[in-house]
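# Chains, contacts and geometry: an overview
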Amino acid sequence: MDLRIFTEPQQGADYDTLLTVAKATEDLGFDAFFRSDHYLPMGSADGLPGPTDAWITLAGLARETRRIRLGTLMTAGTFRLPGVLAIQVAQVDRMSGGRVELGLGAGWFEEEHTAYGIPFPAERMARLEEQLAIVTGLWATEPGATFDHRGTYYQLEKSPALPKPAQAKLPVLVGGHGAKRTPRLAARYADEFNMPFASVADSERQFGRVRAAAEEAGRTAGDLVYSNALVVCVGKDDAEVARRAAAIGREVDELKANGLAGSPAEVVEKIGTYAAIGSSRLYLQVLDLDDLDHLELISAQVLSQLG
């Protein structure tokens, strides 16, 4: 089971904070550092000092880390034209020496679009399908050839399809709860399917849909990595769990029901229930980015038991 650290910087984190967490992620043996792609905080958070751009952040981290994978859960397809996004991600991959992964989603948070003058079209899933086709198509185009796309929403003509990522196949993640289109898109374009903030039962049901869609698309179900994103709140004892839950404005019982919370032993046991349904990678949503002791505890007493 791979454990990856997943951050939500729109809730309030500057680049220096993210760099500190990314370096701790690397030093403590976690597999990757991922971040969300949002421009407004959610809930009661003030979001200060303000949003950081996902791909500018990852470009900086690409030069200041050496081992960990870097990526997004999920880049909002509404924020960037697909051709521009392909250039950005390929460049950051080259800056990192080939450690980048792209999670790409349709975009859903209308308020942040309104706040920053970003169009919020109704047909976002249809656009996402074209975006996935364009980004993966540009990267797959042989050097010296050109790429064309004539779609409903985007048209590309004689693109040189440059630059190429450092990786021969840069991993693409698709995720979500949708019962029909989401599995189909994952089966066609993704290297990994991510189920965000879902129970074991709901994850198993959705993984089954993706596996079936993969077979229908001519792939084997095992071609994809299956993963989950879950909030994490671990403590050496009940008092520490309660303190960490209070720090992120959550209740312990709710966290235990819907995430990975409790003692290290409790969390390892729950991770096993996700592993049993085929999840091989967990994105640990860390909401208090100043609590590096939390990461140290997870590394020492959870990650160490999953080898």
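Structure first, text after, so check above.
Report on the accompanying structure. (Residues numbered from 1 in each chain as written. Predicted model: local features only at pLDDT ≥ 70, side-chain atom pairs only at ≥ 80, totals over all residues. Heavy atoms only, no water.)

## A closer look at helix 10 (residues 264-276)
In this model, helix 10 (13 residues) spans 18 Å end to end at C-alpha, consistent with the 18 Å of a helix rising 1.5 Å per residue. Pro-264, Val-267, Val-268, Lys-270, Ile-271 and Tyr-274 are the residues of helix 10 that are buried. The buried residues of helix 10 occupy an angular sector of 165 degrees when projected down its axis, which confines them to one face. Structural note: helix 10 exposes Ala-265, Glu-269 and Ala-276 on the side pointing more than 90 degrees away from its buried face. Looking one or two residues beyond helix 10, the residue adopting positive phi is Gly-278, at roughly 105 degrees. (Helix = DSSP H or I, 4+ residues; strand = E, 2+ residues; numbered from the N terminus. Expected span 1.5 Å × (residues − 1). Buried < 20%, exposed > 50% of the residue type's maximum accessible area, 1.4 Å probe, protein only. Arc of directions from axis to C-beta.)

## Here we look at the side chain of Thr-25
Looking at the element boundaries, Thr-25 is found in helix 1 (residues 15-27). On the accessibility criterion, Thr-25 (0% relative accessible area) is buried. Contact partners of Thr-25, with chain neighbours within four places excluded, come to Ile-5, Phe-30, Ala-32, Phe-33, Arg-67 and Ile-68. (Contact = heavy atoms within 4.5 Å.)

## Considerations on the pattern of salt bridges
A full pass over the atoms with the stated rule returns 19 salt bridges. Among the salt bridges present, the one from Arg-4 reaches Glu-101, with a minimum N-O distance of 2.9 Å. Residue Arg-4 is found in strand 1 (residues 2-7), and its partner Glu-101 is found in strand 5 (residues 100-105); the two are separated by 97 residues along the sequence. Glu-101 is the salt-bridge partner of Arg-69, the closest N and O atoms lying 2.9 Å from each other. Here Glu-101 lies in strand 5 and Arg-69 lies in strand 3 (residues 69-72), a separation of 32 residues in the sequence. (Salt bridge = Lys/Arg side-chain N within 4 Å of Asp/Glu carboxyl O.)

## Some points on the pairing of strand 9 (residues 192-196)
Burial analysis of strand 9 places four of its five residues in the buried class, which makes it a mostly covered element. As paired elements, strand 8 (residues 172-175) and strand 9 share three bridges and run parallel to each other. Bridge pairing in strand 9 places Gly-175 opposite Asn-194. In terms of strand pairing, strand 9 meets strand 10 (residues 225-234) through five bridges, oriented parallel. When the sheet's bridge partners are listed, Asn-194 is paired in strand 10 with Ser-227. You can see the chain leave strand 9, run along helix 7 (residues 200-216) and come back into strand 10, and the turn it takes is right-handed. (Pairing = 2+ DSSP bridges. Right-handed = clockwise from strand over helix to strand, strands pointing away.)

## Structural notes on helix 1
In an α-helix, one full turn covers 3.6 residues, which means residues spaced three or four apart are oriented alike. With 13 residues, helix 1 extends 18 Å from end C-alpha to end C-alpha; this agrees with the ideal 18 Å at 1.5 Å per step. Of all the positions in helix 1, only Leu-18, Leu-19, Val-21, Ala-22, Ala-24, Thr-25 and Glu-26 are classed as buried. Close packing links the buried residues of helix 1 with strand 1, strand 2 (32-35), helix 2 (54-64) and helix 11 (292-301). Looking one or two residues past helix 1, Gly-29 carries a phi angle of roughly 90 degrees, positive in sign.

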